Amino acid sequence: MVDVTIVGSGIAGLFVSLRCARAGYQVALVTKKQLTDSSTNWAQGGIAGILDSSDEEAVQAHVLDTLAAGDGLCDERIANIVASEAAYRIADLITEGVQFDQDQEGEYDLAMEGGHQRRRILHTRDATGAEIERALIQGCRSEPRITIHEDCLALDLILEDRHAEERRIVGLWCLGSDDQPFTLPSRAVLLATGGAGQLFRQTTNPTVATGDGIAMAVRAGASVRDLEFVQFHPTALALAGDRPFLITEALRGDGAVLMTEEEHRRWTQTDRTVPPATLSFMLKHHANGSLATRDIVARACDSEMKRSGDAHVLLVTEHLDGEELAERFPTIAQRLQRHGLELGRDPLPVAPAAHYLVGGLAVNEWGEVWQRDMAADDPTNTSRLGNVLAGLYAIGEISCTGLHGANRLASNSLLEAVVFSHRAGERVLEALSEEPEPPQVDLPDWRVDGLTDLEEHAPLVHDRAQLRSTMSDDVGLVKRDARLRRATRRLDLLSEEVERIWLRCRPTVELVELRNMVLLARLVTVASLARRENVGLHHNLDLA
């Protein structure tokens, strides 16, 4: 038995792994692919936060911007906790070796993004997540108390007693790199598996983002909240034959402007001395134009695309210094070179793509997961009980802390992840210290008797494509009741088909992911039907 098992290798999982190991405990770090395969590694923009915790006015300004973006549904207490602890957790990252960009005077170069009223975002060019991952992975690989399990997929959580009213997690089953299931007993389990962008056809997320942690926690009795709030990033590079590639919001913070093809033609063919922002369709949707919050910008882009019939809108940088942009955003510049595009010269075709799951496992201020009412034998009934699932924690995008409300403020996700990683670590260390001797448990192995090998993968590929089409067409950026009900029927049928395969076949990565995606897709659809007001990221045309 290990002391702590962390599932997921983004900023949240890596940070808490180091904290628990350095406190003297044995840690198992489980990741589905390699340590670098996480949404953190793909994060371009940065981490928002006030570096001087004594500057109460600046901290409160960050809180107010967070509350405004969340459209009235943020937990103000949580927003204050996160903003107040930002300076300490960013200092921890710097201590770990994270190198944020500085100006010529040696001060941190703070960026501006949509929804922020002032510059407060630390970054490393346009590869902040990769820099954070580099430093934390280096620390984890050099820590002897951390055992890293790469190419290892968590299958399900193990309950001490499935029939107990108050449930306790005592470990998990995993599918090893040899495709064989094994049992991993653990005194505490922290889920940090990230989001679920792969539910949709177009996403900025890595392929590992299939909602595994949420699904297996729900099967164990966890509660979820706010799953109807799926954030679509408004500016993903939209080119035929290439996956969506995130164009960071910081580029708009530096002056890039969204325009339609028609607006861009008018600007280039008439008077280019006119600031392009004055011609942008975004001014019809919000006074902040291209720097409005992501929900507003994404819906505005979607509306203009549907009106014009174009597959994208344009992100215009021709009025800006191309050399400066290439130096500031080298990752984007290199990606554009593949397609013969250049910052400062060419308009960039962009379109919204699924980016961030605002909802998730319902947790308290210490990252402990709330247990749901198990009286109804239906995983979509996730009403919360007044007690937590003992031994289980959720941190990062998989969790719903209440910070983001109905819409996440740009660059608050990395901050939330590191703050709650620290807080969950505190609670885990406290619990372990109260029980110095690990309990003696004899956990069952994964059931394999009577199961056959999955010989035909084509049905899984077809079913996964059908799921993503259903979610994109019927449960996407803009919704309608009739389409949500159609999605419910389709997903229920798909769930039955997948369960038939599941009950007779040995687990494979493809089968496990599909099973998890179907469950989470049903939860998102049910939550979307239940939300009877348009707020933040949830927009139902029947409620307008």
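The structure we're discussing is the one just above.
Here's a quick rundown of the structure. Here the structure is a predicted model, which is why all the values come from computation and not from measurement. (Residues numbered from 1 in each chain as written. Predicted model: local features only at pLDDT ≥ 70, side-chain atom pairs only at ≥ 80, totals over all residues. Heavy atoms only, no water.)

Next up on the list: the overall build of the chain. From N to C terminus, the chain includes 15 helices and 18 strands. For a compact globule of 544 residues, the expected C-alpha radius of gyration is about 24 Å, and the chain comes in at 23 Å, within 12% of that figure. Seen through its principal axes, the chain has C-alpha atoms that stretch 75 × 55 × 40 Å. Going through the 544 residues of the chain one by one, you find that 59% of them count as buried. Long-range contacts, defined as pairs at least 24 residues apart, comprise 75% of the intrachain contacts of the chain with a sequence gap of at least 6. In the structure as shown, the chain presents an accessible area of about 21,600 Å², 46% of it carried by carbon and sulfur atoms. The average position of the 56 basic charges and that of the 83 acidic charges among the side chains of the chain differ by 5 Å. (Helix = DSSP H or I, 4+ residues; strand = E, 2+ residues; numbered from the N terminus. Rg over C-alpha atoms; globule rule 2.2 N^0.38 Å. Buried < 20%, exposed > 50% of the residue type's maximum accessible area, 1.4 Å probe, protein only. Contact = heavy atoms within 4.5 Å. Areas by Shrake-Rupley, 256 points an atom, 1.4 Å probe, with all protein chains shown as cover. Lys, Arg positive; Asp, Glu negative; His and termini not counted. Charge placed at Lys NZ, Arg CZ, Asp CG, Glu CD.)

Time to look at a negative patch on the surface. A contiguous patch of negative charge on the surface is contributed by Asp-321, Glu-323, Glu-324 and Glu-327. Here Asp-321 is to be found in the loop between β13 (313-316) and α10 (322-328). (Patch = residues over 30% accessible without salt bridge, like charges linked within 9 Å, V, L, I, M, F, W, Y side chains within 5 Å. Salt bridge = Lys/Arg side-chain N within 4 Å of Asp/Glu carboxyl O.)

If you check helix α15 (residues 509-530), its first and last C-alpha atoms are 32 Å apart, about what 22 residues at 1.5 Å a residue would give, namely 32 Å. Buried residues dominate α15, accounting for 17 of its 22 residues. (Expected span 1.5 Å × (residues − 1).)

We now examine the nonpolar core. Leu-157, Leu-191, Leu-199 and Leu-361 are the most contacted members of the largest nonpolar core, which totals 71 residues. In terms of residues, this core owes the most to one element, α15, which gives 11 residues. Residue contacts for Leu-191: discarding those within four places in its chain leaves Val-7, Leu-157, Gly-213, Met-216, Ala-217, Leu-361, Leu-392, Tyr-393, Ala-394, Ile-395 and Ile-398. Among the nonpolar cores identified, the runner-up in size contains 55 residues, and Val-27, Ile-50, Ala-188 and Leu-190 belong to it. (Core = buried A, V, L, I, M, F, W, Y, C linked by side-chain atoms within 4.5 Å.)

With respect to the helices and strands, the residue Ala-68 is situated in helix α3 (residues 56-69). Judged by its relative accessible area of 59%, Ala-68 is exposed.

With that out of the way, let us pick up the packing of aromatic side chains. Counting across every chain of the model gives four aromatic pairs. Ring centres 6.4 Å apart and planes at 80° place the aromatic pair Phe-100 and Tyr-108 in the edge-to-face group. With a centroid separation of 5.9 Å and 75° between ring planes, the pair formed by Trp-446 and Trp-502 is classed as edge-to-face. Taken together, the residues span a long stretch of sequence, with Trp-446 in the loop between α12 (412-434) and α13 (458-474) and Trp-502 in helix α14 (residues 481-504) at a distance of 56 residues. In this structure Trp-502 comes out as buried when scored by relative accessible area, which is 5%. Aromatic ring contacts, followed pair by pair, group Trp-173, Trp-446 and Trp-502 into a single cluster. Directly above the ring of Tyr-356 sits Arg-408, whose terminal nitrogen or CZ lies 4.2 Å from the centroid. (Phe/Tyr/Trp six-rings, centres within 6.5 Å; stacked < 30°, edge-to-face > 60°. Lys NZ or Arg CZ within 6 Å of the ring centre and 35° of its normal.)

Below, the discussion takes up the sheet that holds strand β12 (residues 257-259). The strand order β11-β10-β14-β13-β12 describes an open sheet built from five strands, whose pairing is antiparallel. Two strands in the sheet have a free side with no partner beyond their single neighbour: β11 (245-246) and β12. With two bridges joining them, strand β10 (residues 230-237) and β11 adopt antiparallel strand pairing. Looking across to β11, one finds that Leu-237 is bridged to Phe-245. (Pairing = 2+ DSSP bridges.)

The next subject is the pairing of strand β2 (residues 27-30). Of the two faces of β2, the one carrying Val-27 and Leu-29 and the one carrying Ala-28 and Val-30 are both buried. Bridge count between strand β1 (residues 2-7) and β2: four bridges; the pairing is parallel. For Thr-5, the partnering residue across the bridge sits in β2 and is Ala-28. Strand direction decides the pairing type here: β2 and strand β5 (residues 146-149), joined by four bridges, are parallel. The residue bridging Leu-29 from the neighbouring strand is Ile-148, located in β5.

A word on the pattern of salt bridges. In the structure shown here, the tally under the stated rule is 42 salt bridges. For Arg-423, the salt bridge is made with Glu-85, and the minimal N-O distance between the two is 2.6 Å. Here Arg-423, found in helix α12, pairs with Glu-85, found in helix α4 (residues 76-95); they are 338 residues apart in sequence, far enough to count as distant. Owing to a relative accessible area of 17%, Glu-85 belongs among the buried residues under this scheme. For Asp-92, the salt bridge is made with Arg-89, and the minimal N-O distance between the two is 2.8 Å. Here Asp-92 and its partner Arg-89 are both found in helix α4, three residues apart, which amounts to about one turn of the helix. One network of salt bridges, with partners in common, ties together Arg-225, Asp-226, Glu-228, Arg-531 and Glu-533.

Here we come to the state of the cysteines. Under the definition given, this model contains zero disulfides. Left unpaired, Cys-140 is separated from the closest cysteine sulfur, that of Cys-20, by 11 Å. Relative accessible area serves as the criterion here: at 1%, Cys-140 is assigned to the buried category. (Disulfide = S-S within 2.5 Å.)

Another point: the pairing of strand β6 (residues 153-159). Judged by how many residues are buried, β6 sits mostly within the fold: seven of seven residues are covered. One ladder, built from six bridges, connects β6 with strand β7 (residues 169-175); its direction is antiparallel. Considered in β7, the bridge of Leu-157 is made with Leu-172.

Strands in a sheet are paired, the pairing made by backbone hydrogen bonds, and the direction either parallel or antiparallel. Spatial strand order, β9-β15-β18: three strands in an open sheet with mixed pairing. The sheet is open, and its two edges are formed by β9 (224-225) and β18 (399-400), each paired on a single side. Sheet topology places strand β15 (residues 360-362) next to β18; two bridges connect them, and they run parallel. In the strand pairing of β18, Ala-362 is matched with Cys-400. Its contacts with the sheet put helix α6 (residues 212-219) on β9 and β15, and the angle it makes with β15 is roughly 40°. (Axes fitted to C-alpha atoms, helices over the stretch in contact; angles between N-to-C directions.)

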